[in-house]
Amino acid sequence: MASTTPPASDRPLRRDAERNRLRILQAAREVFADRGFDATLDKIAAHAGVGVGTVYRRFPDKDTLIDALFEERIGEVAAVGQRALSASDPWEGLVDFLQQASAMRARDRGLRQALLSRGAHKTERAREKLIPIVIELVARAQQAGALRADLDPLDLPLIDMMVSAVADLTREVSPELWQRALTIIIDGLATTRQTPTPLPGKPLDRDQLPAFTVSKRGRS
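Residue positions within a chain follow its written sequence, with the count starting from 1. Given that this is a predicted model, residues contribute local features only at a pLDDT of at least 70 and side-chain atom pairs are listed and counted only at 80 or more, while totals for whole chains, interfaces and linings are drawn from all residues. As a rule here, side-chain values cover all heavy atoms of the structure and leave hydrogens and water aside.

(A) Main features of the overall build of the chain. In terms of regular secondary structure, the chain is built from 11 helices and zero strands. In this text, helices come from DSSP runs of H or I with a minimum length of four residues, and strands from runs of E with a minimum of two, each type numbered from the N-terminal end. In the chain, the order of α-helices and β-strands from amino to carboxyl end is α-α-α-α-α-α-α-α-α-α-α. Accessible area is worked out with a 1.4 Å probe on protein chains only. A residue is then buried under 20% of its type maximum, exposed over 50%, and partly exposed in between. Residue burial in the chain is summarised as follows: out of 220 residues, 40% are buried. When the accessible area of the chain is evaluated, it comes to approximately 12,800 Å², of which 53% is carbon and sulfur surface. Areas reported here follow the Shrake-Rupley algorithm with a probe of radius 1.4 Å; residue values treat only the protein chains shown as occluding.

What follows is the structure, encoded as structure tokens:
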């Protein structure tokens, strides 16, 4: 008589094993958000308070862990884009997408890398779902005459790289400075505006600028 015992991979995790898995995922989310994908599984294990062997039993390599975390996170960005497509004003929808998606990426270095880097994991396939959304957001705003006609949808990743660079380099001295940079860029995308959009927050002051320069040099 054939055994009815399910294979080990199909069995529900024991309660303590599931707790460890959730601890690892939470630790990875925090470590990747702060350090990006350069963080090692050893660092994640230490942050989770478990042995590195425990991490490898649940996630045999870093790509598997990245898949578990960032396929869902990229889906959250896509959901922001879908909501933007439902906006009655195409320009406001595009601006809302740029602001919300930039805020998500500015606070999560791992998410930025998942969106911009190439890899052999599921995050790349998940990222492909964003392309039709971005194309439609740009087309709607251009057809409404609100967005400059020479903008290509693939300019949006370029904008993301610029804003993300500001967020990354100034996070320790002025963590919200990226909002000023994005506001300047958005004003440059509009075909018309009565007055410049008020810039949020404050620019770097003379005391912060040396710290920013040191931080930039240290990351180069």
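The structure having been displayed, the exposition proceeds.
(B) Local environment of the packing of aromatic side chains. Whether two aromatic rings pair depends on their centres lying within 6.5 Å, for rings of Phe, Tyr and Trp, where Trp uses its six-membered ring; planes under 30 degrees apart make the pair stacked, over 60 edge-to-face, and the rest tilted. Tallied over the entire structure, the rule returns three aromatic pairs. Ring centres of Phe 32 and Phe 37 lie 5.3 Å apart, and the angle between their planes is 80°; on these two criteria the pair is classed as edge-to-face. Under the relative-accessibility criterion, Phe 32 is labelled buried at 0%. Judged by its relative accessible area of 11%, Phe 37 is buried. Through a chain of ring-to-ring contacts, the aromatic side chains of Phe 32, Phe 37 and Phe 70 assemble into a single cluster.

(C) Quick peek at a nonpolar patch on the surface. Like-charged residues within 9 Å of one another, or nonpolar side chains (Val, Leu, Ile, Met, Phe, Trp, Tyr) within 5 Å, are grouped into patches, provided each residue has over 30% relative accessible area and no salt bridge. Any Lys or Arg side-chain nitrogen found within 4 Å of a carboxyl oxygen on Asp or Glu counts as a salt bridge. On the surface, Leu 116, Leu 158, Met 161 and Met 162 cluster together into a nonpolar patch covering about 350 Å² of accessible area. If one sorts the elements of the nonpolar patch by residue count, helix H9 (residues 155–170) sits on top with three residues. Structurally, Leu 116 is set in helix H6 (residues 109–116). Take Leu 116: its relative accessible area is 36%, and that puts it in the partly exposed class.

(D) How the structure looks around the side chain of Ser 174. Tracing the sequence through the fold places Ser 174 in the loop between H9 and helix H10 (178–189). Residue Ser 174 is classed as buried on the basis of its relative accessible area of 13%.

(E) Spatial organisation of the layout of surface pockets. Put simply, the grid is 1 Å and covers the protein atoms alone, a cavity is a trapped set of points that fit a 1.4 Å probe, a pocket is an open set with protein on both sides within 12 Å along at least five of seven lines, and lining residues have an atom within 4 Å of a point. Grid points are joined across faces, edges and corners, and a volume is the space filled by probe spheres set on the points. Quantified by volume, the largest pocket comes out at close to 440 Å³. Around the largest pocket, the lining comprises 22 residues; the ones closest to its centre are Leu 115, Arg 127, Leu 130, Val 134 and Pro 157. When contributions to the lining of the largest pocket are tallied by element, the ones reaching two or more residues are helix H5 (90–106), H6, helix H7 (122–128), helix H8 (130–143) and H9. The greatest single-element share of the lining of the largest pocket, amounting to five residues, is contributed by H9.

(F) Focus on the nonpolar core. The term nonpolar core refers to a set of buried residues drawn from Ala, Val, Leu, Ile, Met, Phe, Trp, Tyr and Cys, joined through side-chain atoms within 4.5 Å. Among the nonpolar cores identified, the biggest contains 55 residues, and Phe 32, Ile 44, Leu 65 and Trp 91 are the most heavily contacted of them. For this core, the secondary-structure elements that each account for two or more residues are helix H1 (15–35), helix H2 (41–48), helix H4 (62–85), H5, H6, H8, H9 and H10. Here the element with the most residues in this core is H4; it accounts for 10 residues. Whether two residues touch is decided by their heavy atoms; if any such pair falls within 4.5 Å, the residues are in contact. Not counting residues up to four positions away in its chain, the partners in contact with Leu 65 are Ile 24, Leu 25, Ala 28, Phe 32, Leu 41, Ile 44 and Phe 59.

(G) Structural context of the pattern of salt bridges. A complete count under the given rule lists 10 salt bridges for this structure. Asp 160 serves as the salt-bridge partner of Arg 105, at 2.3 Å between the closest nitrogen and oxygen. In this pair, Arg 105 sits in helix H5 while Asp 160 sits in helix H9, placing the two residues 55 residues apart along the sequence. Arg 105 gets classed as buried once you look at its relative accessible area, which sits at 9%. A salt bridge links Asp 187 to Arg 193; its shortest N-O distance comes to 3.7 Å.

(H) The arrangement of H9 in detail. The end-to-end C-alpha separation of H9 is 23 Å, in line with the 22 Å expected for 16 residues at 1.5 Å each. Restricting attention to buried positions, one finds in H9 the residues Leu 156, Ile 159, Asp 160, Val 163, Ser 164, Ala 167, Asp 168 and Thr 170. Here the expected length of a helix is defined as 1.5 Å per residue gap, with one fewer gap than residues.

(I) Molecular detail of H6. When you tally the buried positions in H6, you get six out of eight residues, the bulk of the element. Those residues of H6 that fall on the buried side of the exposure criterion are Arg 109, Gly 110, Leu 111, Arg 112, Ala 114 and Leu 115. Its side-chain oxygen placed 3.1 Å from the backbone nitrogen of Gly 110, Asp 108 serves as the N-cap of H6. We define a polar contact as two N or O atoms separated by no more than 3.5 Å, with the added condition that, inside protein, one atom must be a possible hydrogen donor and the other a possible acceptor, whereas residues neighbouring each other in sequence contribute only through side-chain atom pairs.

(J) Structural context of the side chain of Arg 112. Its place among the elements puts Arg 112 in helix H6. Assessed through its relative accessible area of 7%, Arg 112 is described here as buried. Setting aside anything within four residues of it in sequence, one finds Arg 112 in contact with Arg 105, Ala 106, Ser 164 and Asp 168.

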